[in-house]
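Residue-level listing of the chains:
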Amino acid sequence: MKKGWKEIKMVEACDLITCGVAARPKYVDVGIPFLSAKNVKNGKIIYKGYNCITEVNHQELTKKNKPLVGDILYTRVGSYGEAAVIEKDIAFSVFVSLTLIKPKKDLLNSYYLKYYLNSHEVKTMAKNSITSSGVGNLNVGTVRKFPVPIPPLAEQIQIVTLLDSAFAKIDQAKANIEKNIA
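Engineer: What should I look at first to understand the nonpolar core in this one?
Structural biologist: If you look at soluble globular proteins, the nonpolar side chains tend to sit buried side by side. Within the largest apolar cluster, 26 residues are counted, with the highest numbers of intra-cluster contacts made by Met 10, Tyr 74, Ile 101, Leu 113, Leu 117 and Phe 146. Where this core is concerned, the elements lending two or more residues are helix 1 (10-13), strand 2 (14-19), strand 7 (72-75), strand 8 (83-85), helix 3 (110-117), helix 4 (120-128), helix 5 (140-145) and strand 11 (147-150). Counting residues per element, this core draws most heavily on helix 3, which supplies 5 residues. If we ignore the near neighbours within four places in the chain, the residues touching Leu 113 are Met 10, Cys 14, Ile 72, Ile 101, Pro 103, Leu 108 and Val 148. Residues Leu 35, Ile 86, Val 94 and Leu 98 belong to the second largest nonpolar core, which totals 11 residues.

Engineer: Help me understand the sheet that holds strand 6 (residues 51-53), please; the structure alone is not making it clear to me.
Structural biologist: Through backbone hydrogen bonds, the strands of a sheet pair up, either in parallel or in antiparallel fashion. Across the sheet, 3 strands lie side by side as 6-3-9; this open sheet has mixed pairing. The two strands at the open ends of the sheet, each matched to only one other strand, are strand 6 and strand 9 (93-94). Here strand 3 (residues 32-35) pairs with strand 6 via 3 bridges, running antiparallel. When the sheet's bridge partners are listed, Phe 34 is paired in strand 6 with Asn 51. Contacting strand 3, strand 6 and strand 9, helix 2 (residues 55-62) runs over the sheet at an angle of about 85° to strand 6.

About the thresholds
- Residues numbered from 1 in each chain as written.
- Predicted model: local features only at pLDDT ≥ 70, side-chain atom pairs only at ≥ 80, totals over all residues.
- Heavy atoms only, no water.
- Core = buried A, V, L, I, M, F, W, Y, C linked by side-chain atoms within 4.5 Å.
- Buried < 20%, exposed > 50% of the residue type's maximum accessible area, 1.4 Å probe, protein only.
- Helix = DSSP H or I, 4+ residues; strand = E, 2+ residues; numbered from the N terminus.
- Contact = heavy atoms within 4.5 Å.
- Pairing = 2+ DSSP bridges.
- Axes fitted to C-alpha atoms, helices over the stretch in contact; angles between N-to-C directions.

Quick look at the structure:
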């Protein structure tokens, strides 16, 4: 590990790591989004294709653990081990297939943690810890024990900047390939 970095468990690096509501609420046609694992893909939150719940139900479900900008949603059931940072100030609740992670802001940059959770190393750790022979289930207790390398915050921001740039270039290359094929 690099000089100035330390490694601690996720539970020590975060204020909260918890899964969404296990009981399926009553859905309504128009209301507050109720996101599940299918709404987190490729490091992004997809605000479409979700069910809705009532405002009253949402208030009850989020009174202790409200998802906020800068928090992370991490898939744990079915499509497990995919992380995304909440970037929009939109009210929503989360189903049990998602883990809500609130990084300690003075210790951990949310985007650094997202990249770390989406890394091959952590995805392998997640895959190796899956319980159930049917639909895979990444236990929240296991996620809390994941080791996290913690560089100084300034270095975390530099890492995020480099990765953002690299992934933007990869996306552009893919778009160019598709354009050339067409």
